[in-house]
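Structural overview
Here are the chains, one letter per residue:
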Amino acid sequence: MAISYKDSGVDVERGYQAVKLMREHVKSTYTAGVLGDIGSFGGFFQMPKDIRRPVLVAGTDGVGTKLKYAIIADKHDTIGIDAVAMCVNDIVCQGARPLFFLDYFATGALSPEKVATVVSGVAEGCRQSGAALIGGETAEMPGFYPDGDYDIAGFAVGAVDRKKVINGSKIKKGDVLIGLKSSGIHSNGYSLVRKLFGEDWETLNKYDEELDAKPINVLLTPTKIYVNSILELIKKVKVKGIAHITGGGFIENIPRIFPEGIGCEIDTSSYELPRVFKVMQNRAQITKEQMYNTFNMGIGMVVCVDKRDVKATVRQLELTGESCVVIGKTVRGKGVILK
């Protein structure tokens, strides 16, 4: 008896339909550098002519177990924004302008409508960051993922002029750290988040008095994309270093931009902690240090500037719609001191 590929669980026709449904979302991200069209074996992109000595900066990431809440809620139109944000927010820390993005979507049984909805979010993230979605992979893997489950990850490439690379090497004692506020939890720490809020749909979709919201609405808030604000800032101000506050929170990420012998002090009373982080600390019964080593605590990006440039930095960030606050300063030593 003959056994076809379809009999094994892979329906290539569903794949063709998925490509057809996502085509317009993909094309909506195209920029002047895109060469070719969707469906080629490789994506083509022409280097921008306004970057004299281009250095490529690449980053890849996923959205972790935040995906679980998208699946539970059957809401798939924003998780792609998270996938883009996690990549482009990383590469802009080096001063790089995102050029293009590739996505990877894998599932047990392909639903063309679901994958197209996820890709619509990817396309929205690309439009927000100025990156072109020039390719990707949609993998149907029967028996590998439980029914209804899927994974989404991405890969971004950007470019910066060699003379304008931001690497933190000029940071010194007395420089100032300015935090750009987050849209919420973003896409890190969700293994703990799921322990604290659970996975029961009725509970997630019911008003939570302590949280003052339906948990699912808070937990699926997309990661904020800071690309345009940061790119405009570095045109106007000498930014010494930029840290994306992702996995590892303040404790791990901020020191990554410091040269040897430099640490920082963070004034945790300098801004109002968003309610969701207060709720999570209360439920988890963990220390402030543990919270700041796990979550972004309401700050998604940190920029380091000379103290003479603080006012100009805040003014410029506010002009691009960011809510920001001075959160600390650099000191001699190492690591992060929470005050």
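Preceding block: the structure.
Residues numbered from 1 in each chain as written. Predicted model: local features only at pLDDT ≥ 70, side-chain atom pairs only at ≥ 80, totals over all residues. Heavy atoms only, no water.

This paragraph deals with the state of the cysteines. A full pass over the atoms with the stated rule returns zero disulfides. A disulfide-free cysteine, C126 has its sulfur positioned 9.5 Å from the sulfur of C87, the nearest such atom. Assessed through its relative accessible area of 1%, C126 is described here as buried. With no disulfide of its own, C264 lies closest to C304 among cysteine sulfurs, the gap being 8.9 Å. (Disulfide = S-S within 2.5 Å. Buried < 20%, exposed > 50% of the residue type's maximum accessible area, 1.4 Å probe, protein only.)

The next point concerns the sheet that holds strand β6 (residues 150-161). Pairing is mixed in the open sheet, where four strands are placed in the order β3-β6-β4-β5. Edge positions in the open sheet fall to β3 (54-62) and β5 (132-140), since each of these has one partner strand only. Going from strand to strand, the sheet's axes swing by 15 degrees on average, the running direction of each strand aside. Most of the contacts of helix α3 (residues 79-91) go to β6, to which it runs at about 30 degrees, and overall it touches β3, β4 (97-107) and β6. (Pairing = 2+ DSSP bridges. Helix = DSSP H or I, 4+ residues; strand = E, 2+ residues; numbered from the N terminus. Axes fitted to C-alpha atoms, helices over the stretch in contact; angles between N-to-C directions. Contact = heavy atoms within 4.5 Å.)

In terms of nonpolar packing, the biggest core is built from 91 residues, with I152, F197, F250, I254 and M280 touching the most fellow members. When residues in this core are grouped by element, the largest group, eight residues, is from α3. Setting aside residues no more than four positions away along its own chain, M280 makes contact with I185, V193, L196, F197, M291 and F295. Counting residues in hydrophobic clusters, the runner-up holds nine residues, among them V34, F45, I51 and A159. (Core = buried A, V, L, I, M, F, W, Y, C linked by side-chain atoms within 4.5 Å.)

For the α-helix, the turn length of 3.6 residues means that residues three or four positions removed from each other point alike. Residues of helix α12 (residues 310-319) that are buried include every one of V310, T313, V314, Q316 and L317, and no others. Seen along its axis, α12 keeps its buried residues to an arc of 165 degrees; they face one direction. In α12, the exposed positions that point more than 90 degrees away from the buried face belong to K311, R315 and L319. Buried residues along α12 sit against β7 (176-181), α8 (227-236), β10 (299-305) and β11 (324-332). Of the residues flanking the end of α12, it is G321, one or two places downstream, whose phi is positive at about 90 degrees. (Arc of directions from axis to C-beta.)

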